[in-house]
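Observations on chain architecture
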Amino acid sequence: MFYSIKTPWWLKLLYKDCIWQIKDTTKNIFLTFDDGPHPTITPFVLDELKKYNAKATFFCIGKNVLLHNDIYRRIITEGHTIANHTHNHLNGWKTDNDIYLENIAEAKKHIDSKLFRPPYGRITKYQLQQLTTKRFQLRPIMWSVLSGDFDKKITPEKCLSNVVKNAKSGSIIVFHDSEKAFERLQYALPKVLEYFTRQGYSFEKIDHF
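Small disclaimer: the values here were computed from a predicted structure and weren't measured.

In this section: the packing of helix α2 (residues 41–51) against helix α4 (residues 69–77). Interaxial distance between α2 and α4 falls to 10 Å at its minimum, and their mutual angle equals 15°. Between α2 and α4, the crossing angle belongs to the class labelled roughly parallel. The element α2 and its partner α4 pack so that their crossing is left-handed. Only Ile71, Arg74 and Ile75 of α4 make contact with α2, whose side of the interface consists of Thr42, Pro43, Leu46, Asp47 and Lys50. Here the residues of the contact of α2 with α4 sort into 4 nonpolar, 1 polar and 3 charged.

Right, let's get into helix α8 (residues 182–198). The end-to-end C-alpha distance of α8 is 24 Å, a good match for the 24 Å that 17 residues give at a rise of 1.5 Å each. The largest bend in α8 comes to about 25°, at Ala188, with the proline Pro190 one to four residues further on. Of all the positions in α8, only Arg184, Leu185, Ala188, Leu189, Val192, Leu193 and Phe196 are classed as buried. Buried positions along α8 lie against β1 (28–34), α2, α7 (156–166), β7 (172–176) and β8 (202–203). Two residues or fewer past α8, Gly200 is found with a positive phi of approximately 90°.

A cis amide bond links Gly36 to the next residue, Pro37, at an omega of 0°. Locating Pro37 in the fold gives a position in the loop between β1 and α2. In the Ramachandran plot, Asp35 falls in the positive-phi region, its phi being about 90° despite a non-glycine side chain. For Asp35, the position within the fold is in the loop between β1 and α2. The backbone of His89 shows a phi angle near 55°, a positive value even though the residue is not glycine. Position of His89 relative to the elements: it lies in the loop between β3 (81–84) and α5 (97–110). Assessed through its relative accessible area of 23%, His89 is described here as partly exposed.

On to the packing of aromatic side chains. In this structure the tally under the stated criterion is 7 aromatic pairs. Put simply, the rings of Phe33, Phe58 and Phe175 touch in pairs and so form one group of aromatic residues. The ring of Tyr201 is capped by Lys27, whose NZ or CZ atom sits 4.7 Å from the centre of that ring. A cation over an aromatic ring shows up here: Lys125 above the ring of Tyr15, its NZ or CZ 5.1 Å from the ring centre.

As a further point, take the side chain of Thr7. Mapped onto the fold, Thr7 is located in the segment before α1 (9–14). By relative accessible area, which is 8% here, Thr7 ends up buried. In this structure the side chain of Thr7 is engaged in a polar contact, spanning 2.7 Å, whose partner is the backbone oxygen of Trp143. Leave out the neighbours within four places in its chain, and Thr7 touches Lys12, Trp20, Trp143 and Ser144.

A few words on the state of the cysteines. Considering all chains together, one arrives at 0 disulfides under this definition. Cys60 supplies the cysteine sulfur nearest to Cys18, a cysteine that is in no disulfide, at a spacing of 19 Å. No disulfide involves Cys159; its nearest neighbouring cysteine sulfur is the one of Cys60, lying 20 Å away.

What follows concerns the pairing of β3. Side chains Thr81 and Ala83 of β3 all project onto a buried face; the interleaved residues Ile82 and Asn84 project onto the opposite face, where all are buried too. Judged from the 4 bridges that link them, strand β2 (residues 56–60) and β3 form a sheet pairing that is parallel. Following the sheet pairing, Thr57 is matched in β3 by Thr81.

Before going further, it helps to examine the pattern of salt bridges. For the structure on display, the rule yields 9 salt bridges. Salt-bridge contacts for Lys51 lead to Glu48; the nearest nitrogen and oxygen are separated by 2.9 Å. Separated by 3 residues within a single helix, Lys51 and Glu48 lie in helix α2, roughly one turn from each other. For Lys51, a relative accessible area of 59% gives the class exposed.

The rules we used
Residues numbered from 1 in each chain as written. Predicted model: local features only at pLDDT ≥ 70, side-chain atom pairs only at ≥ 80, totals over all residues. Heavy atoms only, no water. Axes fitted to C-alpha atoms, helices over the stretch in contact; angles between N-to-C directions. Helix = DSSP H or I, 4+ residues; strand = E, 2+ residues; numbered from the N terminus. Parallel < 35°, antiparallel > 145°, perpendicular 65-115°, else oblique. Left-handed = near helix turned anticlockwise from the far one by under 90°. Contact = heavy atoms within 4.5 Å. Nonpolar A, V, L, I, M, F, W, Y, C, P; charged D, E, K, R; others polar. Expected span 1.5 Å × (residues − 1). Bend = angle between axes of the 7 residues up to and from the residue. Buried < 20%, exposed > 50% of the residue type's maximum accessible area, 1.4 Å probe, protein only. Phe/Tyr/Trp six-rings, centres within 6.5 Å; stacked < 30°, edge-to-face > 60°. Lys NZ or Arg CZ within 6 Å of the ring centre and 35° of its normal. Polar contact = N/O pair within 3.5 Å; in protein donor to acceptor, adjacent residues only side chain to side chain. Disulfide = S-S within 2.5 Å. Pairing = 2+ DSSP bridges. Salt bridge = Lys/Arg side-chain N within 4 Å of Asp/Glu carboxyl O.

So, in structure tokens, the structure goes:
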């Protein structure tokens, strides 16, 4: 599995209509969590965030919102941002445009947000253009640092290192509140929160687009 921990400049240029990092001159970091809500993993994330008064952005799958609406409501109640991640975690490169867009629209019925992240980061130029139309009015949010927590081939320590070595002020960091990622997330997230808090950083949600 090949992926870049730090988003390369040429990819940001290719998809320049997406938000890859936050222009931030203060010491703020933007944690994001994909694929939830999950009945046990998302509460773990929320509990860890609360210890540091940290806010985050949760890119939710529509069907998971329906399955675990109590957890979804907890995310909102505790002051975090929720965002659209399609209804069924579809890959935009491998899905017919009409089906893909309808899936986003279905998720939008259950997720009240103007933010969107394509699963796997894979979306076509046409699909991106449609996000700006009156039907959707969504802003695509990507990332500047991948933790790699989804990668079962890396150690929890490597996952932590990926974030600590590459994150800086304004970074959008991707974690996953999913079963596949949990072994690495469970180790790395508390240490990321502790490390950057000690360095004088705050953790903020994405909410002004």
